[in-house]
Amino acid sequence: MTVESTAARKPRRSSKRVSAAKKPEGSEPQLVQLLTPEGERIEHPEYSIDLTPEELRGLYRDMVLTRRFDAEATSLQRQGELGLWASLLGQEAAQIGSGRALRDDDYVFPTYREHGVAWCRGVDPTNLLGMFRGVNHGGWDPNTNNFHLYTIVIGSQTLHATGYAMGVAKDGADSAVIAYFGDGASSQGDVAESFTFSAVYNAPVVFFCQNNQWAISEPTEKQTRVPLYQRAQGFGFPGIRVDGNDVLACLAVTRSALERARRGEGPTLVEAFTYRMGAHTTSDDPTKYRADEERQAWEAKDPILRLRTYLENAVLEKDEAEAFFTSLEEESETLGKRVREAVRAMPDPDDLAIFENVYADGHALVDEERAQFLAYQASFAEEGN
């Protein structure tokens with residue numbers, strides 16, 4: 001199984017750094033970019049970053065292994081091993097770049113698609129799959145990794161993050177909080193309320209919006225009349241749009257926003273402009289509402305291919321590159337095998353577990369519902385006789 005996009009490889013171009021062209025006032029939204037789709041390294045006047053070859057290889061490895069894990073999860077769902085899966089295909093740079101900008105003492109509030117951020121925080125991928133298999137409710141201790149459990153309710157995690165950040169500020173800590181959400185969640189009232197509270201209380205929180213341009217079947221232009229990052233202005237804090245397929249830019253912008261929060265300067269909204277290459281979840285069929293040409297155009301902007309091009313052209317010697325990519329392919333295969341074996345070895349969940357721990361001391365209604373469920377299950381055995 002390939003670990004990269006099926007998009008055709010771009011011809012090599014010079015990797016010499018060039019200055020990013022300035023866009024005229026009133027034109028399309030300003031986009032922070034440090035690595036072009038063709039793999040050219042460019043500079044930005046406000047967001048500069050210099051990484052070692054080892055760090056660049058690490059970012060590439062993170063994205064490749066995250067994509068491989070995501071592909072295995074999708075396949076497992078198709079085979080009936082998972083009930084559902086929300087793929088991150090195409091959003092690896094946004095998640096790995098922002099995830100690697102975090103310090104260990106920062107706290108993360110994800111949605112249900114932040115598999116790359118979970119990888120950066122050291123959460124075992126099989127724990128993510130356990131939830132989608134129905135074996136557990138997450139399977140990891142949020143306080144061990146400073147990574148909250150996945151949030152299914154759209155937008156509510158931004159309120160949780162804001163409250164937590166307000167607590168961090170009252171405790172006098174210099175850590176920061178980050179909340180992930182999508183363009184669709186930006187239309188939720190919970191997100192607007194979290195913007196208000198975080199601004200008023202100067203909370204050390206970064207709102208990281210992955211604008212993958214489709215809220216299930218609803219395009220962004222049906223959700224807002226202005227670019228999402230500009231919404232922050234109305235709440236009194238800065239907003240930034242970054243190329244969500246550029247892992248270097250996502251790292252630089254998120255790191256800057258987190259440092260601003262730690263200095264006590266309040267929240268920042270980061271809009272990572274990216275694209276959801278696959279379905280919203282495995283229960284969705286994107287061919288019903290978007291054109292193939294749109295996806296094809298974004299395949300040319302693939303985040304993994306552009307960093308590979310940069311590594312090959314400007315960072316690694318030929319022999320070094322071949323050895324690195326071959327080793328990573330082998331590591332990817334090993335990860336895929338481990339994930340498959342772990343999922344298939346997971347036990348089926350206890351049918352009655354849903355009724356446990358609903359109330360601390362039990363409840364008559366829950367007892368009644370449990371009895372009804374047991375009777376329902378018994379009816380199948382009776383029919384078989």
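Coordinates for the structure precede this section.
The model shown is predicted, which means the values in this text are computed figures rather than measured ones. (Residues numbered from 1 in each chain as written. Predicted model: local features only at pLDDT ≥ 70, side-chain atom pairs only at ≥ 80, totals over all residues. Heavy atoms only, no water.)

Visitor: Mind laying out the overall build of the chain, listing which residues take part and the relevant values?
Guide: In terms of helices and strands, the chain carries 13 helices and nine strands. Taking 21 Å as the expected radius of gyration for a compact globule of 385 residues, we find that the chain reaches 22 Å, a close match to that expectation. When its C-alpha atoms are laid out on the principal axes, the chain stretches across 75 × 50 × 40 Å. When the 385 residues of the chain are sorted by exposure, 51% land in the buried category. Within the chain, residue pairs in contact and separated by at least 24 positions form 76% of the contacts whose partners lie at least 6 positions apart. Element-wise, carbon and sulfur atoms account for 49% of the exposed surface of the chain, whose accessible area totals about 18300 Å². (Helix = DSSP H or I, 4+ residues; strand = E, 2+ residues; numbered from the N terminus. Rg over C-alpha atoms; globule rule 2.2 N^0.38 Å. Buried < 20%, exposed > 50% of the residue type's maximum accessible area, 1.4 Å probe, protein only. Contact = heavy atoms within 4.5 Å. Areas by Shrake-Rupley, 256 points an atom, 1.4 Å probe, with all protein chains shown as cover.)

Visitor: Describe in detail the packing of aromatic side chains, supporting the description with residues and values.
Guide: Counted under the stated rule, the structure contains 23 aromatic pairs. Measuring from ring centre to ring centre gives 5.8 Å for F355 and F373, while their planes differ by 50°; the resulting arrangement is tilted. With a gap of 18 residues between them, F355 in the loop between helix 12 (318-344) and helix 13 (364-384) and F373 in helix 13 connect regions that are remote in the sequence. Looking at F373, the relative accessible area reads 28%, which means it is partly exposed. Where Y376 meets F380, the ring centres are 5.0 Å apart and the plane angle is 85°; that geometry is what we call edge-to-face. Linking Y376 with F380, this pair stays in helix 13, spanning four residues, or about one helical turn. Linked through ring pairs, F181, F195, F207, F235 and F237 together constitute an aromatic cluster. Lying across the ring of F273, R241 places its NZ or CZ 4.4 Å from the centre. The residue whose ring lies beneath R308 is F325, and the NZ or CZ to ring-centre distance is 3.8 Å. (Phe/Tyr/Trp six-rings, centres within 6.5 Å; stacked < 30°, edge-to-face > 60°. Lys NZ or Arg CZ within 6 Å of the ring centre and 35° of its normal.)

Visitor: Can you explain the environment of Q79? Please cite residues and give values.
Guide: Within the secondary structure, Q79 sits in the loop between helix 1 (53-78) and helix 2 (92-99). By relative accessible area, Q79 is classed as partly exposed at 47%. Each C-alpha atom of the pair Q79 and H148 lies 29 Å from the other, and the pair is 69 residues apart in sequence. Engagement of the side chain of Q79 in a polar contact is seen with the side chain of R344, the distance being 2.6 Å. (Polar contact = N/O pair within 3.5 Å; in protein donor to acceptor, adjacent residues only side chain to side chain.)

Visitor: So what's going on with the sheet that holds strand 5 (residues 205-211)? Which residues, and what values?
Guide: In spatial order, the strands read 3-4-5-9-8; together these five strands make up an open sheet with parallel pairing. The two strands at the open ends of the sheet, each matched to only one other strand, are strand 3 (107-109) and strand 8 (239-243). Between one strand and the next, the sheet's axes are offset by a mean angle of 20°, whatever the strand orientation. As paired strands, strand 4 (residues 177-182) and strand 5 are joined by six bridges and run parallel to one another. If you follow Y180 over to strand 5, its bridge partner there is F208. Docked against the sheet, helix 2 engages strand 4, strand 5 and strand 9 (268-273), running at close to 165° with respect to strand 5. Along the sheet, helix 7 (residues 189-200) contacts strand 4, strand 5 and strand 9; its crossing angle with strand 5, the most-contacted strand, is approximately 150°. (Pairing = 2+ DSSP bridges. Axes fitted to C-alpha atoms, helices over the stretch in contact; angles between N-to-C directions.)

Visitor: A description of a nonpolar patch on the surface should follow, citing residues and the corresponding values.
Guide: On the surface, a nonpolar cluster with roughly 340 Å² of combined accessible area is contributed by F197, V200 and Y201. Of note, F197 is situated in helix 7. (Patch = residues over 30% accessible without salt bridge, like charges linked within 9 Å, V, L, I, M, F, W, Y side chains within 5 Å. Salt bridge = Lys/Arg side-chain N within 4 Å of Asp/Glu carboxyl O.)

Visitor: Account for helix 2, naming residues and giving values.
Guide: Most of helix 2 sits inside the fold, with eight of its eight residues counted as buried. Among all positions of helix 2, only E92, A93, A94, Q95, I96, G97, S98 and G99 are buried.

Visitor: Got a sec to walk through the nonpolar core? Specific residues and values, please.
Guide: Ranked by internal contacts, the top residues of the largest apolar core, which has 70 residues, are Y60, L129, Y150, L307 and L311. Sorting elements by how many residues they give to this core places helix 9 (residues 247-262) first, with ten residues. Formed by 20 residues, the second largest nonpolar core is a distinct cluster that contains V168, F195, A203 and C209. (Core = buried A, V, L, I, M, F, W, Y, C linked by side-chain atoms within 4.5 Å.)

Visitor: With reference to specific residues and values, describe the pattern of salt bridges.
Guide: In the structure shown here, the tally under the stated rule is 23 salt bridges. As a salt-bridge pair, R262 and D106 come within 2.5 Å of each other at their nearest N and O atoms. Highlighted residues: R262 in helix 9 and D106 in the loop between helix 2 and strand 3, separated in sequence by 156 residues. Taken as a pair, R262 and D106 share a single burial class, namely buried. Linking R308 and E312 is a salt bridge whose minimum nitrogen-to-oxygen distance equals 3.2 Å. Here R308 pairs with E312, and both are found in helix 11 (residues 303-315), just four residues apart, close to one helical turn. Classification of E312 by relative accessible area gives buried; the value is 16%. Here the salt bridges do not stand alone but share partners, grouping R68, E72, E333 and R340 into one network.

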